[in-house]
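Okay, here's what each chain looks like letter by letter:
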Amino acid sequence: GHCRECEGDRKMSIMPEECNLIIIGASSMGRNAFHYAQSAGMKVKGFLDDRNNILNNFNGYPPILSSVENYIPRTHDYFVCAIGDPKQKLGFTSIIESRGGHFISVIHPSALILNNAVINPGCIIAPYAIISCETQVGRHVIVNDAATIGHDNIIGDGCTISPGSHLAGRVKLERGVFIGVGANVIPDIHVASYSVIGAGAAVVRNVPANTVVAGVPARTIKMQM
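About the cut-offs
- Residues numbered from 1 in each chain as written.
- Predicted model: local features only at pLDDT ≥ 70, side-chain atom pairs only at ≥ 80, totals over all residues.
- Heavy atoms only, no water.
- Pairing = 2+ DSSP bridges.
- Helix = DSSP H or I, 4+ residues; strand = E, 2+ residues; numbered from the N terminus.
- Expected span 1.5 Å × (residues − 1).
- Buried < 20%, exposed > 50% of the residue type's maximum accessible area, 1.4 Å probe, protein only.
- Arc of directions from axis to C-beta.
- Polar contact = N/O pair within 3.5 Å; in protein donor to acceptor, adjacent residues only side chain to side chain.
- Contact = heavy atoms within 4.5 Å.

This part is about the pairing of strand 22 (residues 211-214). Each regular strand displays side chains that alternate between the two surfaces of the sheet. Bridge analysis of strand 20 (residues 196-197) against strand 22 gives two bridges, and the strand direction is parallel. Bridging across to strand 22, V196 finds its partner in V212. Note: strand 22 against strand 23 (residues 219-223), four bridges, orientation antiparallel. Bridge assignment links A214 to a residue of strand 23, and that residue is R219. The hairpin formed by strand 22 and strand 23 contains four residues between the paired strands, and G215 there has a positive phi angle of roughly 100°.

Let us now look at helix 2 (residues 86-98). One turn of the α-helix equals 3.6 residues, which is why residues spaced by three or four share an orientation. Relative to the 18 Å expected for 13 residues at 1.5 Å per residue, helix 2 spans 18 Å between its end C-alpha atoms, a close match to the ideal helical length. Regarding helix 2, the residues found buried are P86, K89, L90, T93 and I96. Down the axis of helix 2, the sector holding all buried residues measures 125°, keeping them to one side. The backbone nitrogen of K87 has a side-chain oxygen 3.3 Å away, supplied by the residue at the start of helix 2, namely D85. Just downstream of helix 2 lies G100, where phi reads positive at about 85°.

One open sheet accounts for five strands, arranged 7-10-13-16-19; its pairing is parallel. In this open sheet, the two strands that pair with only one neighbour each are strand 7 (118-119) and strand 19 (190-191). The pairing of strand 13 (residues 154-155) with strand 16 (residues 172-173) spans two bridges and is classified as parallel. In the sheet register, I155 faces strand 16, and the bridge partner there is L173.

Time to look at the environment of V181. Mapped onto the secondary structure, V181 falls in the loop between strand 17 (178-179) and strand 18 (184-185). Overall, the relative accessible area of 49% leaves V181 in the partly exposed class. Separated by 18 residues in the primary sequence, V181 and P163 place their C-alpha atoms 5.2 Å from one another. Excluding residues that lie within four positions of it along the chain, V181 makes contacts with S162, P163, A199 and G200.

Okay, helix 1 (residues 28-39) next. Look at helix 1: 17 Å from first C-alpha to last across twelve residues, which is about the 16 Å you get at 1.5 Å a residue. Looking at the packing, one finds that the buried side of helix 1 touches strand 1 (20-24), strand 2 (44-48), strand 5 (106-107), strand 8 (124-125) and strand 11 (142-143). Positive phi appears at G41, one or two residues downstream of helix 1, with a value of about 80°.

Next comes the structure, spelled out in structure tokens:
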């Protein structure tokens, strides 16, 4: 089942009082997402993680409810996935979606979302991130601290954009792309699915699928399966 009262807010980071956010992944990104959600006025029910003791050394967090594999979505549950690795993230989100679970985006209040930008459900938008006008952000995308996405970008499902990285205008990222810390992508670049842009790279040409690039200017390091 799902929460009828929430239906109109599924593409927003606003939930009615009775709805509960569940964060998939209780590592550092999950702990950050908990803070972002609290800052946005969202009520967090707990985490899904198969590591029962991962929060043992930390205070002030809600409980680990279950593993993803064993959790059945309840009425009023909404989900977000705080896992940086795109393939893992899309794997876990597909499990919850296959059971009828609904996702919602968590957007820190300091993030700047400009005119006509579209953020689909299940995203995490961190502090001081900027998403420029007419940009489309797919499902389950993480835009990390102080990362900027230029105008007219298309960001595919499951991408992760690391802290301090910058995408110029009209960039297209296909599904599952990982952008490393401090990487820069010039205008009109197309990065194909499941490629990895290394930390600090300067991407000045299109990147084929399943490719790892690094350096200034970025060059292919390896192809991955």
